[in-house]
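Below, each chain spelled out in residue letters.
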Amino acid sequence: MAEIAVETRKLSLWYGTFQALFDVDFRVKKGMITSLIGPSGCGKSTLLRTINRVNERLGYVRTRGTVEVMGEDILGEHVELARLRKEVGMVFQRPNPLPLSVRDNVLFSHRLHRGDTSVTKADEEDLVEDALRQVLLWDDVKDRLDRKATRLSLEEQQKLCIARLLPVKPTVLLMDEPTSALDPKATKALEELIWGLRGAYTILIVTHNMAQARRASEECAFMLMGKMMEVGPTDGLFLAPRLPETADYIEGRYG
Amino acid sequence: MSMFAETSLNQRNRRVEWLVRATFLMMTIILIVPVALILGVLVTKGAPALSWEFLTAVPREGMTAGGIMPALVGTIWIVLVALIASVPIGVAAAIYLSEYAPDNWLTRVINLAIINLAGVPSIVHALFGLGAFVTFAGFGTSILAASLTLAVMTLPVVIVSTRESLQSVPHAFREACWNMGATKWQTIRRVVLPNSISGILTGVILEVSRTAGETAPIMFTGAAFFLPFLPQSVFDQTMAMSLHLYVVSTQVPNVPEALPYGVALVLILMVLTMNATSIAFRVYLRGKRKW
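Cut-offs applied
Residues numbered from 1 in each chain as written. Chains lettered and ligands numbered in written order. Predicted model: local features only at pLDDT ≥ 70, side-chain atom pairs only at ≥ 80, totals over all residues. Heavy atoms only, no water. Contact = heavy atoms within 4.5 Å. Buried area = accessible area lost by both parts, 1.4 Å probe. Salt bridge = Lys/Arg side-chain N within 4 Å of Asp/Glu carboxyl O. Polar contact = N/O pair within 3.5 Å; in protein donor to acceptor, adjacent residues only side chain to side chain. Helix = DSSP H or I, 4+ residues; strand = E, 2+ residues; numbered from the N terminus. Nonpolar A, V, L, I, M, F, W, Y, C, P; charged D, E, K, R; others polar. Buried < 20%, exposed > 50% of the residue type's maximum accessible area, 1.4 Å probe, protein only. Pairing = 2+ DSSP bridges. Axes fitted to C-alpha atoms, helices over the stretch in contact; angles between N-to-C directions. Core = buried A, V, L, I, M, F, W, Y, C linked by side-chain atoms within 4.5 Å. Parallel < 35°, antiparallel > 145°, perpendicular 65-115°, else oblique. Left-handed = near helix turned anticlockwise from the far one by under 90°. Phe/Tyr/Trp six-rings, centres within 6.5 Å; stacked < 30°, edge-to-face > 60°. Lys NZ or Arg CZ within 6 Å of the ring centre and 35° of its normal. pLDDT = per-residue confidence, 0-100. Patch = residues over 30% accessible without salt bridge, like charges linked within 9 Å, V, L, I, M, F, W, Y side chains within 5 Å. Areas by Shrake-Rupley, 256 points an atom, 1.4 Å probe, with all protein chains shown as cover. Domains from an automatic or database assignment.

Now for the interface of chain A and chain B. Facing the 21 residues of chain A at the interface are 18 residues of chain B. Here chain A meets chain B over a buried area of about 1,700 Å², counting both sides, of which 63% is carbon and sulfur. Joining chain A to chain B, the criterion identifies zero salt bridges. Linking chain A to chain B there are one residue pair in polar contact (both at pLDDT 80 or more). Taken together, the elements giving at least two residues each to the side of chain A that touches chain B come down to α2 (81-87) and α3 (102-113) of chain A. Among the elements that make up the side of chain A that touches chain B, the one with the highest residue count is α3 of chain A (five residues). When grouped by side-chain class, the residues that make up the side of chain A that touches chain B number ten nonpolar, five polar and six charged.

Spelled out as structure tokens, the structure:
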């Protein structure tokens, strides 16, 4: 039985009076790539954003139920958001590198979280190279580490946005439609890199692209109207969905 | 008739286009002419008065001869002290209002009040400074009182221009930082400030150069009619360029014609130098920023 990295129990969430999630029970296996699919507005992004508590910034969000990361409750009052967000990194639809050099982008989070521990320049260089190698970007940008990250191509920017999460050794990477701003070639490159990260990180990826879910995930979860409908190995879910709603969605009858 | 030949509709559009363009050009010329005239008159009439002595000597013979050094130095003092007082407060307040304050009715009222404060006439600030700094705080008529009065007067504008610079930094950068677990201050220090500093500095320096020309606020609070010494501390009174210009133009008999023009020219050159510095700063810092 695989270890569980993220688990929600009876998770409900309201934006004001609108209920976006209904008693979601969901387990994400450690070290696996899990895709979240479902029609627009089904709550998949909301669920994703609850796992590092980005949603709360809106101010009018209420939750009920529990969310655990590596067996620890993350919704309680004692939870330090800075540490949660170090453990649970997030990648967005549009690449959002900071207006700093490529190197400073990769080191940004590490610098935030390392406190007073001394780190030599050489250590930092190693971190940068290691992170950029993990996202298959090192060879492309190794001569441009001092260039502004905002000048890279969109594909490079998005890879960088993944790379900058890695030096702090997160457990979970959340990705909210990470390729929807990219062209097909860049999408393929991103999928390859995400596939390469499995095992080292637990990856939860929201996607509108059924083919992507099928190609680039090991587990797949289907949501509808704020409810978790069906979770299972990707192949199984696509070949033999248990529920008629799942079958309808993956065959493109709505969505 | 050819398919693409001109019709009367096209002709009318073209005439309107010409008319609109000519009107806007005319307005631009109307805008430029007075500025050019002022500068032209100042340079032609004031240039003969300029000399090394004019800048480095004290006024003599009932301010009809000699130089303007005490006023020049006094203005620099007043401006610098006003800068030291207003910039930290203004920038910090702007950061609070832009980055920390919750978006509620109180914040909106405060923002509105600040904008309106910028419209308070300078003579009102002058009387406030007289009451608050000269009398109540006991600074007497001094550089400190004059500078604080100017600082109060310029604060709203410093706050508004700083806030605008801060808000020109795209929100997505802040989100990105927060999502990596950065605190607000870490976000501000590492991302927001480095990318807005050029705008902040420009706003501040432009504001300061405006300060250099103010007369009413310093007249009651620190500027002297005639005082042929250089100030030794912020508790001294001093002459100032703006007041000196007023005095030699209207209050003193038998002033040579070139003298007031010379004073005005030096004052304008001071302000232009400061503005040029601010623009140079901006260009320099802009070059380092790209997104």
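With that settled, the discussion passes to unusual backbone geometry. All names here are of chain A. You will see that R53, though not glycine, has its phi angle at about 60°, which is positive. Within the secondary structure, R53 sits in the loop between α1 (44-51) and β4 (61-69). With a relative accessible area of 11%, R53 lands in the buried category. Although it is not a glycine, E177 sits at a positive phi angle of roughly 45°. Within the secondary structure, E177 is located in the loop between β7 (172-176) and α7 (184-196). When its relative accessible area of 12% is taken as the criterion, E177 is described as buried.

Looking now at the sheet that holds β4 of chain A. Residue and element names in this part refer to chain A. Spatially, four strands are ordered β2-β1-β4-β5 in an open sheet, and the strand pairing comes out antiparallel. Here the strands that pair on one side only, and so sit at the sheet edges, are β2 (18-29) and β5 (72-73). As paired strands, strand β1 (residues 4-15) and β2 are joined by eight bridges and run antiparallel to one another. When the sheet's bridge partners are listed, L13 is paired in β2 with L21. Here α1 sits on the sheet and contacts β1, β2 and β4; the angle it forms with β1, its principal contact strand, is near 115°.

One finds L98, F108, L132, I162 and I194 of chain A to be the most contacted residues of the largest nonpolar core, which totals 58 residues. With nine residues, the single largest contributor to this core is helix α8 (residues 184-213) of chain B.

So, on to the packing of helix α10 (residues 241-250) of chain B against helix α11 (residues 258-287) of chain B. All names here are of chain B. Contact geometry of α10 with α11 gives a least axis separation of 9 Å together with a crossing angle of 160°. Considered as vectors, α10 and α11 are oriented roughly antiparallel to each other. α11 is crossed by α10, and the crossing has left-handed handedness. Along its contact with α10, which presents M241, S242, H244, L245, V248 and S249, the element α11 presents L259, P260, V263, A264, V266, L267 and M270. A per-class count over the contact of α10 with α11 returns ten nonpolar, three polar and no charged.

This part takes up the sheet that holds strand β8 (residues 202-206) of chain A. Residues and elements named next belong to chain A. Across the sheet, six strands lie side by side as β6-β7-β8-β3-β9-β10; this open sheet has mixed pairing. The open sheet has two free edges, formed respectively by β6 (88-91) and β10 (227-233), since each of these has just one partner strand. Pairs of neighbouring strands in the sheet enclose a mean axial angle of 20°, with direction left out of account. Summarising the sheet, strand β3 (residues 33-37) and β8 pair through four bridges and their orientation is parallel. Note that in β8 the partner of L36 across the bridge is V206.

Moving on: the packing of aromatic side chains. This model, assessed by the stated rule, comprises four aromatic pairs over all chains. Taking 6.2 Å as the distance between ring centres and 10° as the angle between the ring planes, the aromatic pair formed by Y96 of chain B and Y100 of chain B counts as stacked. Residue Y96 of chain B and its partner Y100 of chain B are both found in helix α3 (residues 69-100); the two are separated by four residues, about one turn of the helix. The exposure class of Y100 of chain B is partly exposed, given its relative accessible area of 34%. Directly above the ring of W14 of chain A sits R62 of chain A, whose terminal nitrogen or CZ lies 4.7 Å from the centroid. K227 of chain A extends its terminal NZ or CZ atom over the ring of F22 of chain A, reaching a point 4.8 Å from the ring centre.

Time to look at the confidence of the model for chain B. Residues and elements named next belong to chain B. With 98% of its residues at a pLDDT of 70 or more, chain B has an overall mean of 90. The weakest mean pLDDT in chain B belongs to strand β2 (residues 65-66) at 84; the strongest belongs to helix α1 (residues 8-46) at 95. In the model output, the complex is listed with pTM 0.82 alongside ipTM 0.83.

Turning to a nonpolar patch on the surface, a few remarks are in order. Residue and element names in this part refer to chain B. A grouping of V35, L39, L50, L269 and L272 is seen on the molecular surface, where their side chains present a nonpolar patch of about 390 Å² in accessible area. Counting residues per element, the ones that place at least two in the nonpolar patch are α1 and α11. Locating L39 in the fold gives a position in helix α1. The partly exposed category is assigned to L39, whose relative accessible area is 34%.

Looking now at the pattern of salt bridges. Scanning the model with the defined rule gives 28 salt bridges over all chains in all. A salt bridge links R114 of chain A to E124 of chain A; the nearest nitrogen and oxygen atoms lie 2.9 Å apart. Placement of the pair is R114 of chain A in the loop between α3 and α4 (121-134) and E124 of chain A in helix α4, with a sequence separation of ten residues. Relative accessible area serves as the criterion here: at 23%, R114 of chain A is assigned to the partly exposed category. Two residues, E61 of chain B and R60 of chain B, come together in a salt bridge whose shortest N-O distance is 3.6 Å.

Residues and elements named next belong to chain B. Taken domain by domain, chain B comprises domain 1 (8-49) and domain 2 (52-287). Distance from the C-alpha centre of domain 1 to the C-alpha centre of domain 2: 31 Å. Taken together, the contact pairs eight residues of domain 1 with nine residues of domain 2. Between domain 1 and domain 2 the total buried area reaches about 730 Å² when both faces are included, carbon and sulfur atoms providing 81% of it. For the interface between domain 1 and domain 2, the tally reads one salt bridge. A salt bridge links E257 to K45; the nearest nitrogen and oxygen atoms lie 3.2 Å apart. Our enumeration of links across domain 1 and domain 2 arrives at one residue pair in polar contact (both at pLDDT 80 or more). Considered class by class, the residues forming the side of domain 1 that touches domain 2 number six nonpolar, one polar and one charged.

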